[in-house]
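Chains, contacts and geometry: an overview
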Amino acid sequence: MQLELRGITKRFGALTANDHIDLVVAPGEIHCLLGENGAGKSTLMNVLYGLYQADDGEILLDGIVQHFEGPGDAMRSGIGMVHQHFMLIPVFTVAENVMLGHEQTSFGGRLDLDAARKRVREISDRFGFSVDPDAIVGDLPVGVQQRVEIIKALSRDAKVLVFDEPTAVLTPQETDELMTIMRQLRDEGTSIVFITHKLREVREVADRITVIRLGKVVGEAAPTASNSELAALMVGRAVELVVQKDVARPGAPALVVENLDVIDANGLKVVNDVSFAVHEGEILAIAGVQGNGQTELTEAIMGLQPRVNGRVSLGGQALTGLSVRRVLDAGVGFVPEDRTEDGLVAEMTIAENLMLDRSHGAPFVARGSLRRDHLDDFAEDKKKEFDIRAQSVSTPAGRLSGGNQQKVVLAREMSRDLKLLIAAQPTRGIDVGSIEFVHKRMVETRDAGIPVIVVSTELDEVVALADRIAVMYRGSIVGIVPGDTPRDVLGLMMAGERPAEVAA
Ligand SMILES: Nc1ncnc2c1ncn2[C@@H]1O[C@H](COP(=O)(O)OP(=O)(O)OP(=O)(O)O)[C@@H](O)[C@H]1O
């Protein structure tokens with residue numbers, strides 16, 4: 001089915017998020033939508049999916065003008081959306097989830113689990129998804145849950161599929177599998193809109209590329225364009241894709257972790273006897289496939305894990321057993337991997353979010369009352385420095401685009417009086433221009449003598465930043481290797497091989 005958007009305009013108060021956007025997506029085409037944070041990509045897709053009503057413009061399917069009052073109308077007309085935060089019910093089976101997405105009239109006039117099961121199996125077989133209709137969704141890896149979302153859309157006969165940053169939460173292998181699935185869907189005639197900030201993915205699957213900036217289409221790029229060409233088109237200037245940095249001059253060990261175990265709610269040891277040190281003026285990257293204990297390790301350092309054995313100290317001062325508040329007060333900046341869950345309060349303004357977790361509100365509180373002018377000045381500075389795209393510092397954080405929300409968390413955590421910075425997936429969802437800035441800031445932090453831990457599942461990021469790399473596998477560190485270790489060696493270590501075995 002051919003999708004055409006004509007002159008779509010969407011305003012939020014004084015802000016024009018989409019300004020007369022034209023876009024044509026042909027059947028059997030993967031059309032990438034590129035643009036910096038806040039450019040208006042998700043807004044455009046929400047208009048297409050009936051979540052927002054356009055102020056102006058038309059949506060046409062095979063040349064016929066559509067009127068979508070809500071997602072139900074869009075779905076009935078053949079539009080499917082694969083969300084980044086899944087809309088699945090974890091305690092239900094795959095078939096039950098797929099069935100739930102249907103109206104009462106589907107599957108022969110009643111809710112019929114057998115029919116849903118059969119449909120899941122058919123679609124799964126057709127695309128080689130290997131999804132078991134009776135599996136409980138919550139037990140499935142993220143990549144498979146995403147396939148359930150795709151099956152759900154296809155079971156409703158979606159002819160146009162929108163993927164809004166689908167790879168942000170996937171492992172590299174799951175990403176490769178998703179790329180294969182997208183190609184298969186395309187070859188069967190599905191029209192695909194694909195939003196991503198990862199240029200490698202764009203170059204791998206795109207048939208056509210449209211770039212939007214500040215709500216307007218600024219041009220098309222050929223799929224053969226280089227990463228730097230794509231980056232420049234998106235951001236409107238040349239971007240340094242890999243940050244330049246001098247050799248580290250590490251000082252004394254600052255953060256020392258000894259024999260750390262973390263036991264989870266089910267009594268499983270998810271971090272197993274981990275020991276390492278991070279020196280002043282050094283970036284240690286913790287690499288690994290998502291779910292190998294990295295999250296629990298950083299949470300244990302922060303005082304966020306209840307059952308921990310072993311010792312953690314910073315500059316000789318014990319952190320073990322301290323509350324999160326006290327760890328933050330000791331000068332630890334922490335960028336959590338899930339900004340919406342742990343990083344921000346959506347209802348609070350940008351300025352308020354920037355002062356969260358500051359001990360006693362200092363320096364914004366004087367004699368018990370908030371110095372709003374100080375806070376606003378500080379917030380204005382950070383907004384400029386971190387290029388947070390928003391109407392004002394009084395905008396609620398929940399109204400920001402995903403990438404701009406991430407920048408608020410980064411701005412807050414990197415602006416503390418740091419003794420240690422721990423950043424998990426720091427550049428998730430942010431555009432290439434902002435990645436350049438954040439990476440530079442991390443190197444500057446290091447050069448100021450501060451120890452930095454970067455947890456990342458992105459090898460590009462690990463290799464760009466790390467002075468040393470600790471690779472985690474099943475709760476243990478399989479090895480700590482130099483920052484210039486070849487990627488294939490890192491890949492093998494991420495699958496559990498020890499460096500000595502890899503070298504042999
Ligand atoms: N519900 C809303 N109310 C007010 N403003 C909004 C709302 N939704 C989005 N915006 C604003 O519209 C602009 C476009 O946001 P959008 O989410 O479409 O950007 P995006 O291109 O998807 O960015 P990202 O790459 O960061 O996800 C932003 O300035 C955002 O703050």
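A brief structural summary. These numbers were taken from a predicted model, which means no experiment stands behind them.

**Topic: the sheet that holds strand 21 (residues 468–473)**
- As summarised here, the arrangement of the 6 strands in space is 16-19-20-13-21-22, forming an open sheet in which the pairing is mixed. The sheet is open, and its two borders are formed by strand 16 (332–335) and strand 22 (476–482), each paired with just one other strand. On average, adjacent strands in this sheet sit at an angle of 15° to one another, irrespective of strand direction.
- Looking at chain direction, strand 13 (residues 283–287) and strand 20 (residues 452–456) are connected through 5 bridges and run parallel. Bridged to I286 within strand 20 is V455.

**With respect to the packing of helix 6 (residues 142–155) against helix 7 (residues 172–187)**
- Between helix 6 and helix 7, the shortest axis-to-axis distance is 10 Å and the interhelical angle comes to 20°. The orientation of helix 6 relative to helix 7 falls into the category roughly parallel. Both helix 6 and helix 7 take part in a crossing whose hand is right-handed. On the side of helix 6, the interface is formed by V142, G143, Q146 and I150, while helix 7 contributes E174, E177, L178 and I181.

**Quick word on the sheet that holds strand 2 (residues 15–25)**
- Taken in spatial order, the 4 strands of this open sheet run 2-1-4-5, and their pairing is antiparallel. For this open sheet the edge positions go to strand 2 and strand 5 (64–66), each flanked by a neighbour on one side alone. Strand-to-strand, the axes of this sheet are offset by a mean angle of 30°, without reference to chain direction.
- Strand direction decides the pairing type here: strand 1 (residues 3–12) and strand 2, joined by 7 bridges, are antiparallel. Counted as the bridge partner of L3 is V25 from strand 2.

**Considerations on the nonpolar core**
- A285, V454 and V471 are the most contacted members of the largest nonpolar core, which totals 136 residues.
- Element by element, the count of residues in this core is highest for helix 16 (residues 432–447), at 6 residues.
- In terms of domain composition, this core takes at least three residues from each of domain 1 (3–235) and domain 2 (253–503).
- Setting aside residues up to four positions removed in sequence, A285 forms contacts with V454, S456, V462, L465, A466 and I469.

**What to know about helix 9 (residues 227–235)**
- Residues of helix 9 that are buried: L230, A231, M234 and V235. For helix 9, the arc enclosing every buried residue in end-on projection is 115°, short of the 170-degree limit, so these residues lie on one face.
- Among the structural elements, strand 3 (30–34), helix 8 (199–205), strand 9 (208–213), strand 10 (216–221) and helix 16 are those in contact with the buried residues of helix 9.
- Immediately beyond the C-terminal end of helix 9, within one or two residues, lies G236, with a positive phi of roughly 85°.

The rules behind the values
- Residues numbered from 1 in each chain as written.
- Predicted model: local features only at pLDDT ≥ 70, side-chain atom pairs only at ≥ 80, totals over all residues.
- Pairing = 2+ DSSP bridges.
- Helix = DSSP H or I, 4+ residues; strand = E, 2+ residues; numbered from the N terminus.
- Axes fitted to C-alpha atoms, helices over the stretch in contact; angles between N-to-C directions.
- Parallel < 35°, antiparallel > 145°, perpendicular 65-115°, else oblique.
- Left-handed = near helix turned anticlockwise from the far one by under 90°.
- Contact = placed C-beta atoms within 7 Å.
- Core = buried A, V, L, I, M, F, W, Y, C linked by C-beta atoms within 7 Å.
- Buried ≥ 20, exposed ≤ 12 C-beta atoms within 10 Å, placed from the backbone.
- Domains from an automatic or database assignment.
- Arc of directions from axis to C-beta.

By themselves, these figures tell us nothing about what the structure is for.
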